[in-house]
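What follows is each chain in one-letter form.
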Amino acid sequence: MTYTFSLPSSSGEIFHSAEHLPLVVYFYPKDNTAGCTTEGLDFNRLLPEFQAAGYTVVGISRDGVKSHQNFCHKQGFQFELLSDADETVCRQFDVLKLKKLYGKEHIGIERSTFVLDAQGNVLHEWRKVKVAGHAQMVLDAIRAA
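Cut-off values and rules
Residues numbered from 1 in each chain as written. Predicted model: local features only at pLDDT ≥ 70, side-chain atom pairs only at ≥ 80, totals over all residues. Heavy atoms only, no water. Helix = DSSP H or I, 4+ residues; strand = E, 2+ residues; numbered from the N terminus. Buried < 20%, exposed > 50% of the residue type's maximum accessible area, 1.4 Å probe, protein only. Pairing = 2+ DSSP bridges. Axes fitted to C-alpha atoms, helices over the stretch in contact; angles between N-to-C directions. Contact = heavy atoms within 4.5 Å. Salt bridge = Lys/Arg side-chain N within 4 Å of Asp/Glu carboxyl O. Phe/Tyr/Trp six-rings, centres within 6.5 Å; stacked < 30°, edge-to-face > 60°. Core = buried A, V, L, I, M, F, W, Y, C linked by side-chain atoms within 4.5 Å.

Enquirer: Explain unusual backbone geometry to me, and be specific about the residues and the numbers.
Expert: A cis geometry characterises the amide bond from L21 onward to P22, with omega recorded as -5 degrees. With respect to the helices and strands, P22 occurs in the loop between β2 (14-16) and β3 (23-27). In this structure, D94 is a non-glycine residue whose phi angle is positive, near 55 degrees. Here D94 lies in the loop between α3 (88-92) and β6 (96-101). Judged by its relative accessible area of 43%, D94 is partly exposed. Its identity is not glycine, yet K128 carries a phi of approximately 50 degrees, on the positive side.

Enquirer: Any details on the sheet that holds β3? Residues and values, ideally.
Expert: Spatial ordering of the open sheet is given by β5-β4-β3-β8-β9, a layout of five strands whose pairing is mixed. One side of each edge strand has no neighbouring strand; the edge strands of this open sheet are β5 (80-83) and β9 (122-126). Here the average twist between neighbouring strands, direction ignored, is 20 degrees. Of the pairings in the sheet, the one linking strand β4 (residues 56-61) to β5 comprises four bridges and is parallel in character. By the bridge assignment for β5, G59 is matched with L81. In this fold helix α1 (residues 34-52) packs onto β3, β4 and β8 (112-116), with an angle of close to 175 degrees to the strand it touches most, β3. Across the sheet, helix α4 (residues 134-144) lies against β3, β8 and β9, angled at about 155 degrees from β9, the strand it touches most.

Enquirer: For the environment of P22, give the residues involved together with the corresponding values.
Expert: For P22, a relative accessible area of 17% puts it in the buried group. Sequence separation between P22 and V122 is 100 residues, and the spatial gap between their C-alpha atoms is 9.9 Å. In this structure, P22 is in contact with G54, Y55, T56, L116, D117 and A118, ignoring residues within four places of it in sequence.

Enquirer: Lay out the pattern of salt bridges in plain terms, naming residues and giving numbers.
Expert: Tallying each qualifying case throughout the model produces eight salt bridges. D94 is paired through a salt bridge with K97; the nearest N and O atoms lie 3.3 Å apart. One continuous salt-bridge network, built from bridges that share partners, spans R62, E87 and R91.

Enquirer: Now, about the packing of aromatic side chains: what can you tell me, with residues and values included?
Expert: Enumeration according to the criterion identifies 12 aromatic pairs in this entry. Seen in terms of ring centroids, F71 and F77 are 5.1 Å apart; in terms of plane orientation they differ by 80 degrees. Their pairing is edge-to-face. Taken together, the ring pairs in this structure connect Y26, Y28, F43, F50, F71, F77 and F79 into an aromatic cluster.

Enquirer: Quick rundown of the environment of L7? Include the residues and the values.
Expert: As for its placement among the helices and strands, L7 is situated in strand β1 (residues 6-8). Remark: the alpha-carbon pair of L7 and F43, spanning 36 residues in sequence, is separated by 20 Å. When residues no more than four places from it in sequence are discounted, the contact partners of L7 are E13, I14, F15, I60, L82, S83, D84 and V89.

Enquirer: Got a sec to walk through the nonpolar core? Specific residues and values, please.
Expert: In this structure, V24, F43, F50, V57, F79, L81 and V138 are the most contacted members of the largest nonpolar core, which totals 23 residues. Of all the elements in the fold, those that place two or more residues in this core are β3, α1, α2 (65-75) and α4. Ranked by size, the runner-up nonpolar core spans 18 residues in total, among them Y3, V25, F27 and F93.

Such coordinate-based values are descriptive only and should not be taken to indicate function.
And the structure:
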């Protein structure tokens, strides 16, 4: 299956995935939370290595562009965060799952990462991601391909 999408970006522009392939897309639950901050910092730290391998990295959550801009500025992210407020791309990648928090159920983003090749096909995917070491695992998979 080929994936293409367009979403508002923390850059203030519309991000068109087809213009940035190959691409690492990571979905995360919420800006400015501990796990999401750590994950973003890990991808940011390895960004030069992803770029050297020819890949663009983007993060996607349901937060708005303004929230993304603040998150990027606060953490110094050098890659774009995309706003999927209407959940279109989340549904396309099937990352919305029933979650429990403090005994209450809600639909939320399951932390997931996808590597898309130059045609937009999924080369690798990780679901139910554990943050520790994940960005390095993605980079290692790209290098091994």
